[in-house]
2 protein chains.
Amino acid sequence: VLLWLLRPALGVPDPAQREQLMLQEASMQTGGRMTLTVAEQKLDARLHRLKEQEMNNIPFPPAVHFFKAKPLIQQSEVFKLLHRMPKGGALHIHSMSLVSVDWLVKNVTYRPHCYICFTWDNSVRFVFSERQPFPRWDCFYWQLLQTLRDRTGDPHAFDLSLVQQLTLFTDDPEGKYPNQDVVWEKFEKSFIAAAGLISHAPVLRDYLYQGLEELHQDNIQYLELRSGLSRTYELDGSIHDKLWTLRTFQQVSNKFKLDHPEFFGARIIISVHRALGVSEVKAAVKEAIELQREFPEVVAGFDLVGREDSGRSLWYFREALSLPAELGVTLPFFFHAGETDDEGTDVDQNILDALLFNTTRIGHGFALPHHPIAKELSRRRNVAVELCPISNQVLRLVSDLRNHPAATLMSEGHPLVISSDDPSLFGSSGLSYDFYQAFVGIGGLRANLGTLKELVLNSIRFSSLSAQQKETSQKMWQKKWDVFISACS
Amino acid sequence: VLLWLLRPALGVPDPAQREQLMLQEASMQTGGRMTLTVAEQKLDARLHRLKEQEMNNIPFPPAVHFFKAKPLIQQSEVFKLLHRMPKGGALHIHSMSLVSVDWLVKNVTYRPHCYICFTWDNSVRFVFSERQPFPRWDCFYWQLLQTLRDRTGDPHAFDLSLVQQLTLFTDDPEGKYPNQDVVWEKFEKSFIAAAGLISHAPVLRDYLYQGLEELHQDNIQYLELRSGLSRTYELDGSIHDKLWTLRTFQQVSNKFKLDHPEFFGARIIISVHRALGVSEVKAAVKEAIELQREFPEVVAGFDLVGREDSGRSLWYFREALSLPAELGVTLPFFFHAGETDDEGTDVDQNILDALLFNTTRIGHGFALPHHPIAKELSRRRNVAVELCPISNQVLRLVSDLRNHPAATLMSEGHPLVISSDDPSLFGSSGLSYDFYQAFVGIGGLRANLGTLKELVLNSIRFSSLSAQQKETSQKMWQKKWDVFISACS
Ligand SMILES: [Zn+2]
Ligand SMILES: [Zn+2]
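To start, this report covers the structure provided alongside it. This is a predicted model, so every value here is computed, not measured. (Residues numbered from 1 in each chain as written. Chains lettered and ligands numbered in written order. Predicted model: local features only at pLDDT ≥ 70, side-chain atom pairs only at ≥ 80, totals over all residues. Heavy atoms only, no water.)

### As for the state of the cysteines
To be explicit about the condition: The disulfide criterion is simple: two cysteine sulfur atoms within 2.5 Å. The way it works is that DSSP assigns letters per residue, a run of H or I at least four long becomes a helix, a run of E at least two long becomes a strand, and they are numbered from the N terminus. Only protein chains enter the accessibility calculation, which uses a 1.4 Å probe; a residue whose area is less than 20% of its type maximum is buried, one above 50% is exposed, and one in between is partly exposed.
Scanning all chains against the criterion turns up 2 disulfides over all chains. Covalent S-S linkage joins Cys117 of chain A and Cys139 of chain A, the inter-sulfur distance amounting to 2.4 Å. Measuring the twist about the S-S bond at about -110°, one finds the Cys117 of chain A-Cys139 of chain A disulfide to be left-handed. Pair noted here: Cys117 of chain A is in strand β2 (residues 114-118) and Cys139 of chain A is in the loop between β3 (124-128) and β4 (143-144), with a separation of 22 residues, a long-range link. Overall, the relative accessible area of 0% leaves Cys139 of chain A in the buried class. Just so you know, Cys114 of chain B is unpaired, no disulfide at all, and the nearest cysteine sulfur is the one on Cys117 of chain B, 12 Å from it.

Laid out in structure tokens, this is it:
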């Protein structure tokens with residue numbers, strides 16, 4: 001802030017000085033110092049006009065629940081432009097929610113040997129098996145899915161019911177999920193339901209390819225996937241280990257890059273659940289160190305996943321998380337932290353602890369603006385926040401996205417990237433919907449093409465790629481960006 | 001931030017250093033540097049325990065709409081303590097919503113000569129008149145209220161229906177007020193309905209006394225009332241001017257101070273509606289200058305009221321607002337500004353403009369954390385934000401109060417006072433409910449007795465009282481505070 005601002009004011013503001021202050025504030029926001037080409041300025045003006053129109057809409061999409069906003073967003077001209085925009089990398093997506101549920105239902109559940117079972121709590125389980133599966137504690141009665149679907153006489157309705165099991169979608173999200181506890185319960189249930197489909201070895205291979213395909217369709221060039229590398233199974237019940245999953249991921253992404261030369265690649269952030277004990281996390285950290293040594297191109301680092309509010313804090317796992325430093329090896333951390341609105345609790349210290357453990361990025365960082373010291377630390381050390389607006393709304397941290405705390409971060413130009421967390425579960429896909437919410441809702445009318453450009457460039461800059469790879473990727477991206485600008489301005 | 005934080009971290013955090021950072025962050029919050037006596041520390045520990053219990057409640061009151069939360073809050077032990085706490089001044093309350101609607105209905109509408117009329121849009125009007133009132137454009141058929149009430153056969157139900165006309169209360173706030181436009185419409189309707197009661201001269205006198213009484217009951221010692229000084233009428237239809245209203249206010253508050261020697265007093269912030277034109281606001285500013293010259297003890301300053309999002313911006317009125325400075329006189333401003341979540345619009349510049357016009361405080365400042373320059377200016381110039389959490393929730397700026405942007409301001413120790421805006425319309429009263437929301441919801445678990453003490457002291461420090469009056473008031477308050485602490489710790 002300029003010093004003359006602190007002089008006692010006269011009470012009659014000078015319009016030129018006012019203008020200067022407004023410009024100064026605008027220059028502080030994400031992308032505020034970005035220089036735009038003439039063509040970019042033209043598109044920027046168009047975006048501004050479109051956004052202005054959209055802000056008069058009732059309901060205003062970012063102000064209502066995404067399940068109601070989605071059809072409105074799909075009609076938005078701003079959204080259509082954001083969809084076409086080359087968006088760089090998706091740095092925060094979970095492997096269990098990478099591919100649209102429509103594909104799971106219409107493709108995977110139509111494959112032969114797929115069995116389904118209904119549990120006592122109205123959830124479903126799937127398994128592929130060459131013979132009738134054994135009863136399990138939660139599943140006594142397995143039915144061949146194809147037989148059941150035929151018997152219902154209404155395969156369309158049946159498939160819809162499967163979609164509902166595998167996503168959070170409902171017409172009445174506020175009524176059905178009155179609070180965070182309820183929505184998290186359904187959230188974890190849907191993961192368990194999907195696991196039987198995705199962890200079938202032949203499905204996983206197709207699933208990963210399809211996931212990359214969907215990102216590519218959304219004009220995304222790169223992926224860092226959080227994955228537990230869960231074991232997979234074959235039709236005969238035999239089991240593959242984590243190494244198999246990692247190798248498969250590598251093969252599939254190499255194949256995808258061959259098929260789509262403008263795609264930069266995909267890496268894995270090995271993630272374990274925060275419900276585990278210290279010694280188990282210790283073992284997982286050791287394993288991650290080994291896997292990274294073996295697959296340095298694929299393994300980007302390590303994270304803890306699962307709901308922070310009901311889980312164990314990072315500090316609880318300090319012994320496990322200190323291991324790499326103690327062993328003198330590097331294992332980059334990408335911690336979920338601050339995905340909470342319970343201020344002042346133990347869990348609310350996760351952001352500070354993530355930074356003290358030298359995290360590379362912060363997943364969510366929803367609580368960051370309430371932590372001035374952590375915020376300063378994150379900013380100075382260039383630890384970017386992975387902003388996932390739709391996730392935060394659907395999981396009921398915030399309802400009107402204009403109130404998302406990242407509005408403060410964006411106004412200060414805090415290092416940020418946009419991501420989608422669990423797109424298939426939320427019924428979104430790729431990054432376009434989340435970019436829409438960040439650009440129209442959180443950024444408001446003042447977020448502009450410079451903001452978008454910086455957010456996209458951030459996704460390369462703050463990725464786990466090497467300096468060399470970043471340079472190459474950015475050049476590849478710039479070409480696509482130039483084509484986009486000249487097509488849309 | 002300490003410089004050693006910027007050194008590359010080793011990955012194994014030092015617990016002592018971590019502790020120091022946490023303490024440093026805690027010391028930055030509102031009240032974070034307050035030294036507490038032993039007795040205060042005891043009460044603080046008790047508050048912390050109680051709050052911890054309350055944060056496990058489902059529903060958590062600050063997370064749900066106040067109309068649903070109110071009965072829960074009333075049962076809260078934290079609330080009971082906040083009610084007993086001497087709270088200093090209420091610096092942001094509007095005169096039309098000062099007194100509980102129960103009193104209006106049970107006392108005022110039971111007075112003789114009260115007529116009621118139902119308008120075409122299902123609203124009501126009241127008027128006191130010694131004979132049958134003339135039809136007006138909006139009111140053709142006036143009935144004597146007492147006759148109508150008797151005729152219904154169920155006076156209780158009838159009175160309840162009147163209460164509903166005069167407040168925003170409903171069992172289904174989200175359904176009935178789906179967005180800000182709808183709730184603001186009902187908000188302004190209720191004001192118009194109440195006007196006929198309150199602007200009856202004999203009622204106004206009692207109304208103001210009752211208003212001070214209700215604040216006093218809530219352990220509040222001082223009031224700055226925003227008032228348009230509307231004209232009042234007598235039974236015979238004769239009209240009193242603004243001077244009469246101002247004199248009446250002075251008489252009533254002097255009488256109240258005589259009856260309650262521990263009450264500091266009450267002042268008026270003259271407020272006009274932002275729907276007026278520039279020349280009308282100019283005339284109002286001139287009038288306010290004169291009234292302040294004539295009643296320096298009563299008139300604190302000037303403000304513009306009405307919904308910012310649909311109204312004219314401060315900059316639109318710049319000619320009028322520059323008047324005092326141009327005339328070389330002082331007219332303190334207390335502008336509503338930033339009561340919006342539309343980022344980047346013209347209205348969103350109101351906060352900066354309020355500061356450039358040298359405002360003494362900022363009403364709401366909801367958008368302040370999104371404006372780093374304005375925030376810095378407000379902080380350095382000690383321009384306090386009047387935080388009215390329940391108002392912001394009921395008027396649908398934010399639903400879960402944990403997401404209120406003031407959480408950021410509190411974490412940074414930004415100058416803040418707590419107020420209630422329109423308590424009777426929202427069904428709250430005094431300041432205790434808003435203190436509860438700020439302390440439990442916005443402040444979270446880390447807000448403590450030091451926070452409360454600083455907020456209360458702020459209400460004296462940032463009031464419009466003279467330095468001398470502030471000193472006296474603070475001493476009076478300290479006595480009540482000491483009694484409170486020794487009774488509760
Ligand atoms: Zn996540
Ligand atoms: Zn107000």
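### Describing the coordination of the zinc ion (ligand 1)
Residues and elements named next belong to chain A. Quick reminder of the rule: Coordinating donors are taken to be N, O and S atoms lying within 2.8 Å of the metal, or within 3.2 Å when the metal is Na, K or Ca; because water is excluded from the atom set, some sites may appear incomplete. Irregular is the label for any site that misses the other tests, which are tetrahedral for four donors with all angles between 85 and 135 degrees, and square planar for four donors or octahedral for six when opposite donors exceed 155 degrees and the remaining angles lie between 65 and 115.
For the zinc ion (ligand 1), the full set of protein donor atoms is His92 (NE2), His94 (NE2), His336 (NE2) and Asp421 (OD), and the range of their distances to it is 2.1 to 2.2 Å. For the zinc ion (ligand 1), the 4 donor atoms are set out with angles of 83 to 169° between them, so the coordination reads as irregular. Linear spacing of the donor residues for the zinc ion (ligand 1) on their chain is H-x1-H-x241-H-x84-D. With His92 in strand β1 (residues 89-94) and Asp421 in the loop between β13 (416-418) and α19 (423-426), this pair connects stretches of sequence that are 329 residues apart. On the accessibility criterion, His92 (0% relative accessible area) is buried.

### Focus on the sheet that holds strand β3 (residues 124-128) of chain B
Residue and element names in this part refer to chain B. What counts is decided by this rule: Pairs of strands are assigned from DSSP output, requiring at least two bridges between the strands. Contacts between residues were defined by any pair of non-hydrogen atoms, one from each residue, lying within 4.5 Å. Between the N-to-C directions of two axes lies an angle of 0 to 180 degrees, each axis being a line fitted to C-alpha atoms and, for a helix, fitted only over the stretch in contact.
If you walk across this open sheet you meet the 3 strands as β3-β2-β4, and the pairing is antiparallel. With one partner strand each, in any of the chains shown, β3 and β4 (143-144) form the two edges of the open sheet. In terms of strand pairing, strand β2 (residues 114-118) meets β3 through 5 bridges, oriented antiparallel. Its bridge partner lying in β3, Tyr115 is registered against Val127. In the packing of helix α9 (residues 180-198) onto the sheet, the strands contacted are β2 and β3, and the crossing angle to β3 comes to about 10°.

### Focus on the relation of the copies chain A and chain B
Two copies of a chain can be linked by a rotation about an axis combined with a shift along that same axis. Going by this rule: Superposition of the copies was done by least squares, using only C-alpha atoms of residues whose pLDDT is at least 70 in both.
Rotating chain A by 180° and moving it 0.0 Å along the rotation axis overlays it on chain B with an RMSD of 0.0 Å. The relationship between the two copies is best expressed as a two-fold rotation axis. When you check the interface residues of chain A against chain B, 100% turn up at the interface there too, and the contact is symmetric in its surfaces.

### Details of helix α3 (residues 66-75) of chain A
Selection criterion: Comment: arc refers to directions from the helix axis out to C-beta atoms.
Buried within α3 of chain A we find Phe66, Phe67, Ala69 and Ile73 of chain A. Projected onto a plane normal to the axis of α3 of chain A, the buried residues spread over an arc of 140° and lie on a single side.

### What to know about the coordination of the zinc ion (ligand 2)
All names here are of chain B. The coordination sphere of the zinc ion (ligand 2) contains the protein donors His92 (NE2), His94 (NE2), His336 (NE2) and Asp421 (OD), at a distance range of 2.1 to 2.2 Å. Around the zinc ion (ligand 2) sit 4 donor atoms; with metal-centred angles ranging over 83 to 169°, the donor geometry is irregular. Mapped onto the polypeptide sequence, the residues donating to the zinc ion (ligand 2) form the spacing pattern H-x1-H-x241-H-x84-D. Of the two residues, His94 sits in strand β1 (residues 89-94) while His336 sits in strand β10 (residues 334-337), which places them 242 residues apart along the sequence.

### Some remarks on the sheet that holds strand β8 (residues 265-273) of chain A
All names here are of chain A. Strand order in the open sheet formed by 4 strands is β1-β5-β8-β9, with parallel pairing between adjacent strands. At either margin of the open sheet sits one strand with a lone partner, and together these are β1 and β9 (299-305). With strand direction ignored, the average angle separating the axes of adjacent strands in the sheet is 25°. In terms of strand pairing, β8 meets β9 through 6 bridges, oriented parallel. Each bridged residue has a counterpart across the sheet, and for Ile270 the counterpart in β9 is Phe302.

### Considerations on the interface of chain A and chain B
We count it as follows: Accessible area that two parts lose when put together, with a 1.4 Å probe and added across both, is what the buried area reports. Think of a salt bridge as a Lys or Arg side-chain nitrogen and an Asp or Glu carboxyl oxygen that are within 4 Å of each other.
Each side of the interface is counted separately: chain A has 66 residues, and chain B has 66 residues. Carbon and sulfur atoms supply 58% of the area buried between chain A and chain B, which totals about 5,700 Å² over both sides. Counting the surface chain A buries against chain B, the share from its top three residues, Arg18, Glu343 and Ile373 of chain A, is 13%. At the boundary of chain A with chain B, the tally comes to 10 salt bridges. Among the salt bridges present, the one from Asp341 of chain A reaches Arg402 of chain B, with a minimum N-O distance of 3.3 Å. Those elements that place two or more of their residues in the side of chain A that touches chain B are α1 (15-28), α9 (180-198), α14 (323-327), α15 (350-356), α16 (372-380), α18 (406-411) and α20 (432-442) of chain A.

### Describing the packing of helix α2 (residues 38-55) of chain B against helix α4 (residues 77-84) of chain B
Residues and elements named next belong to chain B. Cut-off, in case you're wondering: Small angles under 35 degrees read as roughly parallel and large ones over 145 as roughly antiparallel, with 65 to 115 read as roughly perpendicular and the rest as oblique. When residues are sorted by character, Ala, Val, Leu, Ile, Met, Phe, Trp, Tyr, Cys and Pro go into the nonpolar class, Asp, Glu, Lys and Arg into the charged class, and all the rest, Gly among them, into the polar class.
Packing of α2 against α4 brings their axes to within 9 Å, and their N-to-C directions diverge by 140°. Classified by the angle their axes make, α2 and α4 are oblique. The segment α2 lies against α4, with Leu43, Arg46, Leu47, Leu50, Lys51 and Glu54 engaging Glu77, Val78 and Leu81. Considering only residue class, the contact of α2 with α4 consists of 5 nonpolar, no polar and 4 charged.

### Digging into the packing of helix α7 (residues 155-166) of chain B against α9 of chain B
Residue and element names in this part refer to chain B. For the pair α7 and α9, interaxial distance at closest approach is 7 Å and the crossing angle is 120°. On the basis of their axis angle, the class for α7 and α9 is oblique. Every residue of α9 that contacts α7 at Gln164, Gln165 and Leu166 is listed here: Lys186, Ser190, Ala193, Ala194 and Leu197. For the contact of α7 with α9, the per-class residue count stands at 4 nonpolar, 3 polar and 1 charged.

### Notes on the pattern of salt bridges
Using the criterion set out here, one finds 50 salt bridges over all chains in the structure. Glu40 of chain B is paired through a salt bridge with Lys453 of chain B; the nearest N and O atoms lie 2.8 Å apart. Here Glu40 of chain B is found in helix α2, whereas its partner Lys453 of chain B is found in helix α21 (residues 449-461), with 413 residues between them in sequence. Of the two residues, Glu40 of chain B and Lys453 of chain B, neither departs from the other in class, the shared state being buried. A salt bridge links Glu386 of chain B to Arg361 of chain B; the nearest nitrogen and oxygen atoms lie 2.5 Å apart. In this pair, Glu386 of chain B is assigned in strand β12 (residues 384-387) and Arg361 of chain B in strand β11 (residues 361-364), connecting sequence segments 25 residues apart. For the pair Glu386 of chain B and Arg361 of chain B, one class covers both residues: buried. Residues joined in a network through salt bridges with shared partners are Glu224, Arg226, Asp303, Arg361 and Glu386 of chain A.

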